[in-house]
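# Secondary and tertiary structure notes
Read off the chains here:
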There are 4 protein chains.
Amino acid sequence: MTLAARGGNRGPAAAADNRRALLRAARELFADKGYNVPLSAIAREAGVGQGVLYRHFPSRLDLAFAVFEENFAELTALAEDEAPDAFERVVARMVELMVESVGFVELVVGARGVVTDYQGDRQLAEILTGPLERARAAGLTAPDIGVEAVALALRMIYGVATTARDDDQRRADVAAALSLVTTRWRP
Amino acid sequence: MTLAARGGNRGPAAAADNRRALLRAARELFADKGYNVPLSAIAREAGVGQGVLYRHFPSRLDLAFAVFEENFAELTALAEDEAPDAFERVVARMVELMVESVGFVELVVGARGVVTDYQGDRQLAEILTGPLERARAAGLTAPDIGVEAVALALRMIYGVATTARDDDQRRADVAAALSLVTTRWRP
Amino acid sequence: MTLAARGGNRGPAAAADNRRALLRAARELFADKGYNVPLSAIAREAGVGQGVLYRHFPSRLDLAFAVFEENFAELTALAEDEAPDAFERVVARMVELMVESVGFVELVVGARGVVTDYQGDRQLAEILTGPLERARAAGLTAPDIGVEAVALALRMIYGVATTARDDDQRRADVAAALSLVTTRWRP
Amino acid sequence: MTLAARGGNRGPAAAADNRRALLRAARELFADKGYNVPLSAIAREAGVGQGVLYRHFPSRLDLAFAVFEENFAELTALAEDEAPDAFERVVARMVELMVESVGFVELVVGARGVVTDYQGDRQLAEILTGPLERARAAGLTAPDIGVEAVALALRMIYGVATTARDDDQRRADVAAALSLVTTRWRP
DNA sequence: CATGAATGAGAGTTCATTCAT
DNA sequence: CATGAATGAACTCTCATTCAT
């Protein structure tokens, strides 16, 4: 139970707060309990009624993608850094997100074949394009490495993250996989 | 308390048939709907009562591992081929299995932290060892590539397979990822 | 995943009605069929969905104790009577409750080793203390008879009630047993 | 798993052994797990197939009464002792049986209204008659105490045994109750 | 607009009972 | 006669979704 509408009906003004509380609760529980955490648990954790959850997010997927969007927003902010090594930091944060959240991975796994208008990779491409170009211009990455190659590499790292036996192994194996793919990015 | 056995009771002779039918149904539904497909759906698809499923496979994991074992049996048979290029064929079939079955991937994903005595990677290693040695002896793979590297590569391909948008993309991306990792295996 | 609420949804206002209906149904079925009557039967008899039962009473014991509480509430009301012969009436009603409800007895029987914080006998003691004191002050009971002795006597009567062959025998034998133990209570 | 038919079909000769094994298993499990222990568990413990259990005891009640009969047989043997104090020993053993077996008590409780031809009290009476007469002749019990009074007393002790919170309390309270009722038996 | 209870469809599991071998 | 698997009904419990207030 966090912030948000505990007592009575706080009126329209509460909508934005509620949405934020729901996103925060969902992010936490998706990470902890996985993508299939009960929606009722999310509403409870957010301190709102279940109806509110449904008003803001008609389906589990809508909620999950909204959380996903928060991840993307964070990454986008990182990507706006003009420094040539921002690319490296963006990728590093992406990989961390995969390692951190059970649900973030499961969402993608579970979404397979379900979501037709999945914008994940397009957004990924948009985020990566700028930093990658600046890194390439600074001679930090090979000229033949495009956004698609980076996206594929990230998906490969997902695979390692989801199949690790425990957290320690996950960090170690993800590092190894990352090193393997980034080797090919060197100029 | 009930009336029981209204339909026919085919007797103990049906046991083997039922087991086979359950494995087939499970294999199909794990592939289609993923690891968390309802057990009741598997029993229905197999044309048996739910009690029969529970008799043969007391838990979802028992069933999943039985299906898993079929995969491993198939791969083991391939691995017994003494030809130097058997390694390549074993890896190819493994990759196909990942592409074919959502559940085969999810089983490994789901096993994370759940199954303590999970032998998946050990079995993987056992299967790969012989073919890999013979391939290396024949000069088909680099001398510094060990079983661990191959296993990590396979997990990376899992990631690509599970995150693909559709079957066509999956096949294409998996091929690209496989090519990426096998490039490093060349002598 | 489901379609839900096909029938009417009477809204939150129904909560109190539902709770009452559940208590009534439970009281009836516990009496008729015993403590282990299916919860689904109670929900059906109350005319509510099973989810409603679970919302109000998360466990069988919660429900049973709620019914039990109704009994205790009734007895407590009787015990507040200041007349010296209230003790006699309280005991008489207790004995009736034992005779009336299979479940009331079985609850106590079933609670054995299951409920660690079972307050049944404490409540029993609280109810009996006042009336017993007033009866003793009025010279209606022997001075050496304490609440424990009364509680033990009641448990003995439970035994007779639960082992009687039919309702008639039960009434007769319970009366005999009650007479046997109350003889010792005389001053 | 105890004795009896473990391997193949031992033929007709096994019937008596099986019956004995079933009774022993049932006695043990009724005492341990209560009257509602799964019949399959009894068959397993006896080391026989479930069909055998059904052949010998068509219903749970038949089995339970057969076990009950074993208790009566033991008591009957005790009752054949001509010594004047055999009565005391018979009663003591009866009380022990109540304390020892959850199922023995539950059987009686559960049988209420179910079994029409319940012979329990008649048998009880038969067992008690001889020893009681000899005890009375020896001046060990009051002349106005009949078999019915003893049976009622035993049922009262059942009540105490079934409502005790734990084994220690059970032994203590049963002793108190027994002392209470036997006080009235003194000459 | 928010609340939170109602709803009911199953999922998982257990077992009594039957019956082919 | 014994075996032990098949059968399926019934039970408990969980949620996604709706909707009166």
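Residues numbered from 1 in each chain as written. Chains lettered and ligands numbered in written order. Predicted model: local features only at pLDDT ≥ 70, side-chain atom pairs only at ≥ 80, totals over all residues. Heavy atoms only, no water.

## As for the overall build of chain A
Under the convention used in this document: Each helix is a run of H or I in the DSSP string that is no shorter than four residues. Each strand is a run of E no shorter than two, and both are numbered from the N terminus. Burial classes: relative accessible area under 20% of the type maximum marks a residue as buried, over 50% as exposed, and values in between as partly exposed (1.4 Å probe, protein chains only). In what follows, residue pairs with any heavy atoms lying within 4.5 Å of each other are defined as contacts. Reported accessibility uses the Shrake-Rupley method at a 1.4 Å probe radius. Residues are deemed covered only where the shown protein chains occlude them.
A tally of regular secondary structure across chain A gives 9 helices and 0 strands. Traced from its N-terminal end to its C-terminal end, chain A shows the element sequence α-α-α-α-α-α-α-α-α. Across the 187 residues in chain A, those meeting the buried criterion constitute 49%. Long-range contacts, defined here as pairs at least 24 residues apart, represent 66% of the contacts in chain A between residues at least 6 apart. Carbon and sulfur atoms form 52% of the exposed surface of chain A, whose accessible area is close to 9,100 Å².

## Examining the relation of the copies chain C and chain D
Worth spelling out the cut-off: We place the copies in one frame by least squares, fitting the C-alpha atoms of every residue whose pLDDT is at least 70 in both.
Overlay of chain C on chain D (RMSD 0.6 Å): rotation 177 degrees, translation along the axis 0.1 Å. Here the copies are linked by what is in effect a two-fold axis. Mapped onto chain D, 96% of the interface residues of chain C are again interface residues, and the two copies thus contact each other with one and the same surface.

## Topic: the environment of Ala26 of chain A
As for its position among the elements, Ala26 of chain A is in helix 1 (residues 14–33). As a C-alpha pair, Ala26 of chain A and Leu39 of chain A span 13 residues in sequence and 8.6 Å in three-dimensional space.

## Overview of the UniProt feature "DNA-binding region" (unreviewed entry) in chain A
Condition: UniProt positions are given in the numbering used here, feature names are shortened, and annotations may be inferred rather than shown by experiment.
According to UniProt, the "DNA-binding region" (unreviewed entry) feature falls on residues 38–57 of chain A. Here residues 38–57 of chain A is 75% helix and 0% strand, with 14 Å between the C-alpha atoms at its ends.

## Observations concerning the interface of chain A and chain B
Selection criterion: When two components associate, each loses some accessible surface as probed by a 1.4 Å sphere; the sum of these losses over both components is called the buried area. A side-chain nitrogen of Lys or Arg and a carboxyl oxygen of Asp or Glu constitute a salt bridge if their distance falls within 4 Å. Any pair of nitrogen or oxygen atoms within 3.5 Å is treated as a polar contact; in protein, a donor-acceptor pairing is required on top of that, and neighbouring residues in sequence qualify only through side-chain atoms on both sides.
Facing 26 residues of chain A, the contacting portion of chain B comprises 28 residues. Summed over both sides, the interface between chain A and chain B buries roughly 2,600 Å², with carbon and sulfur atoms accounting for 59% of that surface. Viewed at the interface, chain B and chain A are joined by 2 salt bridges. Asp173 of chain B is the salt-bridge partner of Arg155 of chain A, the closest N and O atoms lying 2.7 Å from each other. Joining chain A to chain B, the criterion identifies 6 residue pairs in polar contact (both at pLDDT 80 or more). Elements with a contribution of two residues or more to the side of chain A that touches chain B: helix 6 (102–111), helix 8 (147–163) and helix 9 (167–183) of chain A. Ranked by the residues each element gives to the side of chain A that touches chain B, the list is headed by helix 8 of chain A, at 9 residues.

## Some remarks on the packing of helix 9 of chain A against helix 8 (residues 147–163) of chain B
To be explicit about the condition: The axes used here are C-alpha line fits, helices contributing only the stretch in contact, and every angle between their N-to-C directions lies in the interval 0 to 180 degrees. Roughly parallel refers to an angle under 35 degrees, roughly antiparallel to one over 145, roughly perpendicular to one between 65 and 115, and oblique to any angle outside these ranges. Side-chain classes are defined by residue name, with Ala, Val, Leu, Ile, Met, Phe, Trp, Tyr, Cys and Pro counting as nonpolar, Asp, Glu, Lys and Arg as charged, and the others, Gly among them, as polar.
Interhelical geometry of helix 9 of chain A versus helix 8 of chain B gives an angle of 85 degrees and a closest axis separation of 11 Å. Comparing their axes, helix 8 of chain B and helix 9 of chain A come out roughly perpendicular. Listed contacts from helix 8 of chain B to Gln169, Asp173, Ala176, Ala177, Leu180 and Val181 of chain A of helix 9 of chain A are Leu152, Arg155 and Met156 of chain B. Classifying every residue of the contact of helix 9 of chain A with helix 8 of chain B by side-chain character gives 6 nonpolar, 1 polar and 2 charged.

## Examining the packing of aromatic side chains
Residues and elements named next belong to chain D. Stated precisely, the cut-off is as follows: Working definition: rings of Phe, Tyr and Trp (its six-membered ring) pair if their centres are within 6.5 Å, and the pair is stacked with planes under 30 degrees apart, edge-to-face with planes over 60 apart, and tilted otherwise.
Applying the stated criterion across every chain, the model contains 16 aromatic pairs over all chains. Pairing Phe68 with Phe72 gives two aromatic rings, centres 4.6 Å apart and planes at 75 degrees, and the pair type is edge-to-face. Of this pair, Phe68 and Phe72 are both found in helix 4 (residues 60–79), 4 residues apart, which corresponds to roughly one turn of the helix. When its relative accessible area of 3% is taken as the criterion, Phe68 is described as buried.

## Concerning the interface of chain C and chain D
Listed per partner, the contact involves 27 residues of chain C and 26 residues of chain D. In total, about 2,600 Å² of surface goes out of reach between chain C and chain D, with carbon and sulfur atoms giving 59% of it. Summed over the shared surface of chain C and chain D, the number is 2 salt bridges. Counting the contacts that link chain C with chain D gives 6 residue pairs in polar contact (both at pLDDT 80 or more). Only helix 6 (102–111), helix 8 (147–163) and helix 9 (167–183) of chain C provide two or more residues apiece to the side of chain C that touches chain D. For the side of chain C that touches chain D, the element with the highest residue contribution is helix 8 of chain C, accounting for 9 residues. When its residues are assigned to classes, the side of chain C that touches chain D shows 14 nonpolar, 5 polar and 8 charged.

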